[in-house]
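Breakdown of the fold
These are the residues of each chain, in order.
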Amino acid sequence: MRKGLAAVAGLLALAAGTTAALLVGGDTEAAAPPAPSTTATAAITRQDLVDTKTVNGALTYAGERQISTDAAGTVTSVAKEGAVVRRGRPLLKIDRKPLVLLYGSLPLYRPLRQGVDDGPDVEQLERNLKALGYGDDLTVDEHFSYATYLAVKEWQEDNGLPETGQVDATQAVFLPSAVRVTDAKVSVGDRTAPGRPALTVSGLRRLVHVDLNTDDQALVKKGARVTVELPGGERIKGRVHTIGTVAKSSDSAQGQGNDSTTVDVDITLDKTPTTRLDQAPVEVELVSERHKNVLAVPVEALLALREGGFGVEVVENGAARLVAVKTGAFGGGMVEITGEGLTEGMRVGVPES
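This is a predicted model, so every value here is computed, not measured. (Residues numbered from 1 in each chain as written. Predicted model: local features only at pLDDT ≥ 70, side-chain atom pairs only at ≥ 80, totals over all residues. Heavy atoms only, no water.)

Regarding the sheet that holds strand E5 (residues 84–85)
Rules: Between any two strands, at least two bridges found by DSSP are needed for them to pair. We count a stretch as a helix when DSSP gives it H or I for four or more residues in a row; a strand needs E for two or more, and each element gets its number in order from the N terminus.
Spatial ordering of the open sheet is given by E3-E11-E9-E5, a layout of 4 strands whose pairing is antiparallel. Every other strand in the sheet has two partners, leaving strand E3 (65–68) and E5 as the edge strands with one partner each. Of the strand pairs in this sheet, E5 and strand E9 (residues 179–184) are connected by 2 bridges, and their pairing is antiparallel. Each bridged residue has a counterpart across the sheet, and for valine 85 the counterpart in E9 is valine 179.

A short note on the sheet that holds strand E10 (residues 191–192)
This is how the line gets drawn: Two residues qualify as a contact provided that any one of their heavy atoms is within 4.5 Å of a heavy atom in the partner residue. Axes here refer to lines fitted to C-alpha atoms; in helices the fit is confined to the stretch in contact. Angles between the N-to-C directions go from 0 to 180 degrees.
Taking strand neighbours across the sheet as the criterion, the 5 strands line up as E8-E7-E6-E4-E10 in an open arrangement whose pairing is mixed. Among the strands making up the open sheet, the edge pair consists of strand E8 (172–175) and E10. Lying over the sheet, helix H3 (residues 120–131) contacts strand E7 (97–103) and E8, oriented at roughly 100 degrees with respect to E7.

Section: the pairing of E8
Regular strands place their side chains on alternate faces of the sheet. The test is simple: Each residue is assigned to one of three classes by its accessible area relative to the maximum for its type, calculated with a 1.4 Å probe on protein chains only: buried under 20%, partly exposed between the two thresholds, exposed over 50%.
Neither face of E8 is open: one carries Ala172 and Phe174, the other Val173 and Leu175, and all of them are buried. With 4 bridges joining them, E7 and E8 adopt parallel strand pairing. Residue pairing for E8: leucine 101 is matched across the bridge by valine 173.

Some remarks on the confidence of the model for the protein chain
Convention followed: pLDDT runs from 0 to 100 and stands for how confident the predictor is about each residue.
Averaged over the protein chain, the pLDDT score is 86; the fraction of residues at 70 or greater is 86%. Scored below 50 in pLDDT, residues 1–34 makes 55 contacts in the model with residues more than four places away or belonging to other chains. Per-residue pLDDT stays below 50 along residues 252–258; that stretch engages in 13 contacts with residues further than four places along the chain or on separate chains.

A short note on the pairing of strand E11 (residues 197–202)
Among the 6 residues in E11, 5 count as buried, and that is most of the element. In terms of strand pairing, E3 meets E11 through 4 bridges, oriented antiparallel. Each bridged residue has a counterpart across the sheet, and for glutamine 66 the counterpart in E11 is threonine 200. Sheet topology note: the E9/E11 ladder contains 4 bridges and is antiparallel. Along E11, the bridge assignment pairs alanine 184 with leucine 199.

Concerning unusual backbone geometry
One non-glycine residue with positive phi stands out, namely arginine 96, at about 70 degrees. Position of arginine 96 relative to the elements: it lies in the loop between strand E6 (90–94) and E7. A positive phi angle, close to 55 degrees, is found at asparagine 317, a residue other than glycine. Looking at where asparagine 317 falls in the secondary structure, it is placed in the loop between strand E19 (310–316) and strand E20 (319–331).

Section: the pattern of salt bridges
Operational definition: Whenever Lys or Arg places a side-chain nitrogen within 4 Å of a carboxyl oxygen from Asp or Glu, that contact is recorded as a salt bridge.
Overall, the coordinates contain 9 salt bridges when judged by the stated rule. For aspartate 216, the salt bridge goes to lysine 53, with nearest N and O atoms at 2.9 Å. One end of the pair, aspartate 216, is in the loop between strand E12 (206–213) and strand E13 (225–229); the other, lysine 53, is in strand E2 (residues 45–61), with 163 residues separating them in the sequence. The class of aspartate 216 is buried, set by a relative accessible area of 10%. Residue lysine 53 is classed as partly exposed on the basis of its relative accessible area, which comes to 32%. Close ionic contact of arginine 110 with aspartate 121 constitutes a salt bridge, the shortest N to O distance being 2.7 Å. Here arginine 110 is found in the loop between E7 and H3, whereas its partner aspartate 121 is found in helix H3, with 11 residues between them in sequence.

Right under this line is the structure:
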């Protein structure tokens, strides 16, 4: 649509001379030249047109969240921005003691040790110990057994942690899957304290985020197909994954100026982009409306009329006449038109390429 609109805007100026030659006393149908003013023509076709709108977005990663630790001390190691951290690997080290990533949906909200009440967080820990190769005699259930205690001590020894048999938030953090470090908020040598944000991480799945103007909410629905143009011209199909329900103010959202309000829209992609850039600017083509079985001509066939609006130059039997038209949908370089006497197969003048 943006290309069609741009072409129309250009024609407002470029077609003025041609249009004036076709008009006599401002009457669009009163006079016509004995021969067409252009030698190139295109057929009026009947087809479906999809009206689209392009909005700006950013290529990013799913599931961004903040990571902190209950440990206090000096940061001696921290994962670099862009690094992928998987189960059993440290996100950072404080006083050379690691904060290890483990997989699970529950946060480590209490110390896990012998004597704690049974619970799904215990099972989550035991599942990780098993996956990492600890606890040959360990049964994965909700009970913290003596076998769990021994497996924890073995895991702690291998990771340079105090061999207490107890796991707490100074040693581990549970996240649903492997993460990518998007922002390191601490550096080696920094002092840190319990609760201080240390890292921002995200999932590994790429997605596109759009701050969509609330005026355009009708253009999107969950599951709708879109086309995303990435840096370098790469185009990938995608699907609307989530649509925010809370509007937020933005001074510059989508370049629309002050006092605009937007909603968050996240789009998943059908394939992995070639670019690895985070927050790379992209363009998202949204389907506004589908017009079925309409008459259409190339956008370049439109002529700006002196009294306003557009017309097309119909070429028949070596002569031309100007017909005023109303425009509808734009799509694929074509524009929907309606006008008196226009039918499929007629030829209209277009600029020579």
